[in-house]
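# Chain and residue survey
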2 protein chains.
Amino acid sequence: MSEQNHTALHTLKISCSSCSLRELCLPVGLNREEMSQLDTVIRQSRRLKRGEYLFRSGEGFKSLYAVRTGFFKTCVASQDGREQVTGFLMSGELMGLDGISTNNHSCDAIALEDSEVCELPFGRMESLSRDIPSLQHHFYRLMSREIVRDQNVMLLLGNMKAEERIAAFLLNLSQRLSTRGFAANDFILRMSREEIGSFLGLKLETVSRTLSKFQQQGWITVDHKHIQLVKVEDLKNLIAGCIHASGH
Amino acid sequence: MSEQNHTALHTLKISCSSCSLRELCLPVGLNREEMSQLDTVIRQSRRLKRGEYLFRSGEGFKSLYAVRTGFFKTCVASQDGREQVTGFLMSGELMGLDGISTNNHSCDAIALEDSEVCELPFGRMESLSRDIPSLQHHFYRLMSREIVRDQNVMLLLGNMKAEERIAAFLLNLSQRLSTRGFAANDFILRMSREEIGSFLGLKLETVSRTLSKFQQQGWITVDHKHIQLVKVEDLKNLIAGCIHASGH
DNA sequence: ATTCCGCATTGACGAGGGTCAAGCTTCACC
DNA sequence: GGTGAAGCTTGACCCTCGTCAATGCGGAAT
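One numbering rule holds for all chains: residues counted from 1, following each sequence as written. To read the labels, note that chains go from A and ligands from 1, taken in the order they are written. The predicted nature of this model means local features are confined to residues of pLDDT at least 70 and side-chain atom pairs, given and counted, to a pLDDT of 80 or more, with totals for whole chains, interfaces and linings taken over all residues. By convention in this description, side-chain values take in all heavy atoms of the structure and omit both hydrogens and water.

## Focus: the interface of chain A and chain B
Each side of the interface is counted separately: chain A has 48 residues, and chain B has 48 residues. The quantity reported as buried area is the accessible area (1.4 Å probe) lost by two parts once they are put together, taken as the sum for both. Approximately 4500 Å² of surface area, both sides summed, lies buried where chain A meets chain B, with 58% of it carried by carbon and sulfur atoms. Taken as a group, Arg82(A), Tyr140(A) and Met154(A) account for 17% of the area that chain A buries against chain B, more than any other trio of residues on that side. Whenever a carboxyl oxygen of Asp or Glu lies within 4 Å of a side-chain nitrogen of Lys or Arg, that contact is scored as a salt bridge. The interface formed by chain A and chain B holds 2 salt bridges in total. Across the salt bridge formed by Arg82(A) and Glu164(B), the nearest N and O atoms sit 3.2 Å from each other. N or O atoms within 3.5 Å of each other form a polar contact, as long as, within protein, one can give a hydrogen and the other can take it, and as long as residues adjacent in sequence are counted only when both atoms are side-chain atoms. Counting every contact that joins chain A to chain B gives 24 residue pairs in polar contact (both at pLDDT 80 or more). It only takes one pair of heavy atoms within 4.5 Å for two residues to be counted as in contact.

## Considering the protein's contact with DNA strand D
Note on terminology: near, applied to a residue and a molecule or strand, indicates that one of the residue's heavy atoms is within 4 Å of it. Inspection of the region around DNA strand D gives 18 residues, with Ser208(A), Ser212(A), Ala162(B), Thr206(B) and Arg209(B) positioned closest. If you look at DNA strand D and keep only atoms within 4 Å of the protein, 62% of those are sugar or phosphate atoms. Ala162(B) places a main-chain nitrogen or oxygen 2.7 Å from a phosphate oxygen of DNA strand D. Between DNA strand D and Arg209(B) there is a distance of 2.7 Å, counted from a base oxygen to a side-chain nitrogen or oxygen. The helix and strand labels rest on DSSP assignments: H or I over at least four residues marks a helix, E over at least two residues marks a strand, and numbering proceeds from the N terminus. Here the element with the most residues in the surface near DNA strand D is helix H7 (residues 204-216) of chain A; it accounts for 5 residues. Gly is put with the polar residues, along with every residue not named as nonpolar or charged; the nonpolar set is Ala, Val, Leu, Ile, Met, Phe, Trp, Tyr, Cys and Pro, and the charged set is Asp, Glu, Lys and Arg. In terms of residue class, the surface near DNA strand D is built from 4 nonpolar, 6 polar and 8 charged.

## Comments concerning the relation of the copies chain A and chain B
We place the copies in one frame by least squares, fitting the C-alpha atoms of every residue whose pLDDT is at least 70 in both. Between chain A and chain B, which share one sequence, the superposing operator has a rotation angle of 180° and an axial displacement of 0.0 Å; the RMSD is 0.0 Å. The transformation just described matches what one would write down for a two-fold rotation axis. Of the C-alpha atoms belonging to chain A, the one lying closest to the rotation axis is found on Arg130(A), 2.5 Å away. Residue by residue, 100% of the interface of chain A is reproduced at the interface of chain B, so both copies engage with the same surface.

## Section: the pairing of strand E7 (residues 108-111) of chain A
Residue and element names in this part refer to chain A. The classification of residues rests on relative accessible area computed with a 1.4 Å probe and restricted to protein chains. Under 20% of the type maximum is buried, over 50% is exposed, and intermediate values are partly exposed. Because side chains alternate across E7, one face comprises the buried residues Asp108 and Ile110, and the other comprises Ala109 and Ala111, equally buried. Pairing geometry for strand E2 (residues 53-55) and E7, over 2 bridges, is antiparallel. Bridge pairing links Tyr53 to Ile110 in E7. Here strand E4 (residues 72-77) runs beside E7; their pairing, made up of 4 bridges, is antiparallel. Bridging from a neighbouring strand, Cys75 pairs with Asp108 of E7. What makes two strands pair is DSSP finding at least two bridges between them.

## Focus on the nonpolar core
By convention a nonpolar core is built from buried Ala, Val, Leu, Ile, Met, Phe, Trp, Tyr and Cys residues, the set being connected through side-chain atoms within 4.5 Å. Core analysis: the largest hydrophobic core is formed by 75 residues, its most contacted members being Phe169(A), Leu170(A), Phe169(B) and Leu170(B). Of all hydrophobic cores here, the second largest spans 46 residues; its members include Leu30(A), Leu38(B), Leu97(B) and Met125(B).

## Observations concerning the sheet that holds strand E8 (residues 115-121) of chain A
Residues and elements named next belong to chain A. Here 4 strands make up an open sheet; going across it, the order is E1-E8-E3-E6 and the pairing antiparallel. Each edge of the open sheet carries a strand with a single partner, namely strand E1 (43-48) and strand E6 (94-95). Bridging between E1 and E8 involves 4 bridges; their strand directions are antiparallel. Each bridged residue has a counterpart across the sheet, and for Arg47 the counterpart in E8 is Glu116.

## A short note on the pattern of salt bridges
Residues and elements named next belong to chain A. Summed over all chains, the structure comprises 22 salt bridges over all chains. A salt bridge links Glu116 to Arg47; the nearest nitrogen and oxygen atoms lie 3.3 Å apart. Of this pair, Glu116 sits in strand E8 while Arg47 is found in strand E1, placing the two residues 69 residues apart along the sequence. Accessibility expressed as a relative area gives 64% for Arg47, which makes it exposed.

Take it as geometry only, folks, not as evidence of what the structure does.
Written out as structure tokens, the structure is:
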């Protein structure tokens, strides 16, 4: 029964009252009791204004955070001020996994617009995951997915040219937005050219020039932060062979 | 008692008969019974010849592998043949974490010299980790450490110049070798210039030229694969501010 | 021991993208 | 609504690193 139950529920989402984790972050098959257990662990969500830090590198690690609404970037900084954006996060995506290893966060998480997150106290999630095998498995999978994502970013940074990086970036954003029910080919960038550049290993001028170039070729339209993808196929051709690339 | 026991044992290594995981890969505090449980799960080690694949991208995921002896690279490949080395692994380090997310490996693991690995059947490790909290925690930490490492590689690929990358690479190798009891300043590279370049986002000629340059400046000596670090401080100055960089 | 092939080194050249600078737009904040 | 600062675009220039090529060296296999 329990096994069957799990299988049947596996495609369902958890509905937890306190936040919309059900969306993407925790689509595990759980029964009612397990769900309510989880609900007691997940703390009230927290709101952040644009520019606010969710956590900073070096701070003690206590919780993971799932984006409910809004948009975040994570970045690691070197002592001399160089900064590398390591990811852009949208609803349903998880931040803070880096903190587990040393009990300190190793990157900053910053809201790029007014946002809301669920706090998942890690210690309690950890013990809960001992009682709920599918939850444990789900955490292993989430962390593994992050590792795979990072490897693809490495591929992007190590092998691809500026145009390919930008194309991969746009397509990745597009794909993730459409997953969340937003338009795939018409969206607003939440981050600056400089932040895009930092993520892609390019300077902001190169980002700007490349976007202009794509526009001239009729592949996209650019109106400041408003982007429309016009010829998705051409963009895809550009990165043919570079796997799905980047992106959470 | 149990709690104290854990604390006291925390700095100890597991001694499991079948392989030398105790080294670095699983330094958890476990009592005797837990250790023997773990022992029954860890399969006999497997030997690979130089050049042999431990697993390939796309293959079904069943196990993690810990390096006992030898040296590995992991790499992701794009369809058009471009290849990105995502890490070099030495004894005690773990491979295969990427496979958890989709139940398929997403990278290749290749022995760079005759090597030996321990196979850790993941399903059994997973259920065992439910019974042994410290083991579960350790797995979370291992995966988190991999994420942190990957973020630092991103920083390297996104921000650093060729000389900085090579310096960071050499220092990282040096540090990991000395951790394992090898000489920190005198070692043999197990990988080709091309593989170094792939990892660092550089072409093999640039790797070669940069090593020659370092030698001319008296910072290192280069005799094919035999490297000696002469002026570690100068190398460190070169990457001042770039955090510990690279990894694995 | 010999041969061959893979790997490494080095040079010359060129291009992609970084740097510097100027001007413009937009948005946040008074 | 006005003002300033921040962000964006575009151009010119230059430098780092990639590309192409020639040569050399060493190790593996026979």
